[in-house]
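Summary of the model geometry
Each chain, written out:
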Amino acid sequence: GAGVSQTPSNKVTEKGKYVELRCDPISGHTALYWYRQSLGQGPEFLIYFQGTGAADDSGLPNDRFFAVRPEGSVSTLKIQRTERGDSAVYLCASSPLGPANNEQFFGPGTRLTVL
Amino acid sequence: AQSVSQHNHHVILSEAASLELGCNYSYGGTVNLFWYVQYPGQHLQLLLKYFSGDPLVKGIKGFEAEFIKSKFSFNLRKPSVQWSDTAEYFCAVNDYKLSFGAGTTVTVRA
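Everything in this summary refers to the structure shown in the same document. Just so it is clear, the structure is predicted and the values come from calculations on it, not from any experiment.

Regarding its fold elements, chain A presents zero helices and 11 strands. Taken from N to C terminus, the helices and strands of chain A fall in the order β-β-β-β-β-β-β-β-β-β-β. Computed over its C-alpha atoms, the radius of gyration of chain A comes to 13 Å, within 12% of the 13 Å expected for a compact globule of 115 residues. Projecting the C-alpha coordinates of chain A onto the three principal axes gives extents of approximately 40 × 25 × 25 Å. Relative to its full complement of 115 residues, chain A shows a buried share of 48%. Nonlocal contacts in chain A, meaning residues at least 24 apart in sequence, comprise 55% of its contacts between residues at least 6 apart. Of the roughly 5,400 Å² that chain A leaves accessible, carbon and sulfur atoms contribute 49%.

Laid out in structure tokens, this is it:
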């Protein structure tokens, strides 16, 4: 069956530009998560959606980062005025219900490089 | 916030050697514990998980982990590694959202 998919797989942009990263979760999964993985580190939580609403956005580093999930399936992570420090792999995961007692299934990630 | 420590940054072993990767977490309440693996060029995959019950958990590919509540630990083990176990291994704890350790790179020499 289809897993979590993310597009694009790679994105190179210039400092100051706007980028959008897309995540398609596993069909029927109500919970969706975004993480960021910098080189040599484990993934760090950014935001969690339950259905259409952001249940926890405490991991977003600043107001340049924003995410939406308007129909409760596909989600888009948006980064404004990108900075070189935003370069990382952005991971999306989904789970059938909420985070408690549920395995999260990860996508392949989008590697963002800000020049 | 949850803190997860993985004791080894890089482990190098020969095939058939035994592997043990340490993981400690900071939270004292009820937690769910996971080990994820990332093979070269692939995405994160679940190796095993602990939610409740038997503290010795068996996962895929011959891996197991033991939850020791008094030590806040969830160490990963495999009695005899193969070259194909070369990967990065992440311990994660979920008390609401996943908190990951920094990862351990395991290199198995043929």
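From this point, things continue past the structure.
Another aspect to go through is the pattern of salt bridges. Residue and element names in this part refer to chain B. Enumeration according to the criterion identifies eight salt bridges over all chains in this entry. Taking the shortest distance from any N to any O, the salt bridge between lysine 58 and glutamate 64 comes out at 2.8 Å. Judged by relative accessible area, which is 62%, lysine 58 ranks as exposed. Linking glutamate 64 and arginine 77 is a salt bridge whose minimum nitrogen-to-oxygen distance equals 3.4 Å. Placement of the pair is glutamate 64 in strand 8 (residues 64–68) and arginine 77 in strand 9 (residues 73–78), with a sequence separation of 13 residues.

Turning to the packing of aromatic side chains, a few remarks are in order. Summed over all chains, the structure comprises 14 aromatic pairs over all chains. Pairing Phe106(A) with Tyr36(B) gives two aromatic rings, centres 5.3 Å apart and planes at 85 degrees, and the pair type is edge-to-face. Of this pair, Phe106(A) sits in strand 10 (residues 105–106) while Tyr36(B) sits in strand 5 (residues 32–38), placing the two residues on different chains. Put simply, the rings of Tyr33(A), Tyr35(A), Phe45(A), Tyr48(A), Phe106(A), Phe34(B), Tyr36(B), Phe51(B), Phe90(B) and Phe100(B) pair up and form one aromatic cluster.

Attention shifts here to the side chain of Asp56(A). All names here are of chain A. You can see aspartate 56 is positioned in strand 6 (residues 53–56). Using a relative accessible area of 12% as the deciding quantity, one classes aspartate 56 as buried. Among the polar contacts made by the side chain of aspartate 56, one reaches the side chain of serine 58 at a distance of 2.6 Å.

Before going further, it helps to examine the interface of chain A and chain B. Across the contact, 21 residues belong to chain A and 17 residues belong to chain B. Carbon and sulfur atoms make up 55% of the area that chain A and chain B hide from each other, which totals about 1,500 Å². Where chain A packs against chain B, one counts one salt bridge. Of the charged contacts, one joins Lys49(B) and Glu103(A) as a salt bridge, the two residues approaching to 3.8 Å between their closest N and O atoms. Between the two partners, chain A and chain B, sit one residue pair in polar contact (both at pLDDT 80 or more). Contributing elements (two or more residues each) for the side of chain A that touches chain B: strand 4 (31–37), strand 5 (44–50) and strand 6 of chain A. Each residue belonging to the side of chain A that touches chain B can be placed in one class, and the counts come to 10 nonpolar, nine polar and two charged.

Conventions adopted
- Residues numbered from 1 in each chain as written.
- Chains lettered and ligands numbered in written order.
- Predicted model: local features only at pLDDT ≥ 70, side-chain atom pairs only at ≥ 80, totals over all residues.
- Heavy atoms only, no water.
- Helix = DSSP H or I, 4+ residues; strand = E, 2+ residues; numbered from the N terminus.
- Rg over C-alpha atoms; globule rule 2.2 N^0.38 Å.
- Buried < 20%, exposed > 50% of the residue type's maximum accessible area, 1.4 Å probe, protein only.
- Contact = heavy atoms within 4.5 Å.
- Areas by Shrake-Rupley, 256 points an atom, 1.4 Å probe, with all protein chains shown as cover.
- Salt bridge = Lys/Arg side-chain N within 4 Å of Asp/Glu carboxyl O.
- Phe/Tyr/Trp six-rings, centres within 6.5 Å; stacked < 30°, edge-to-face > 60°.
- Polar contact = N/O pair within 3.5 Å; in protein donor to acceptor, adjacent residues only side chain to side chain.
- Buried area = accessible area lost by both parts, 1.4 Å probe.
- Nonpolar A, V, L, I, M, F, W, Y, C, P; charged D, E, K, R; others polar.

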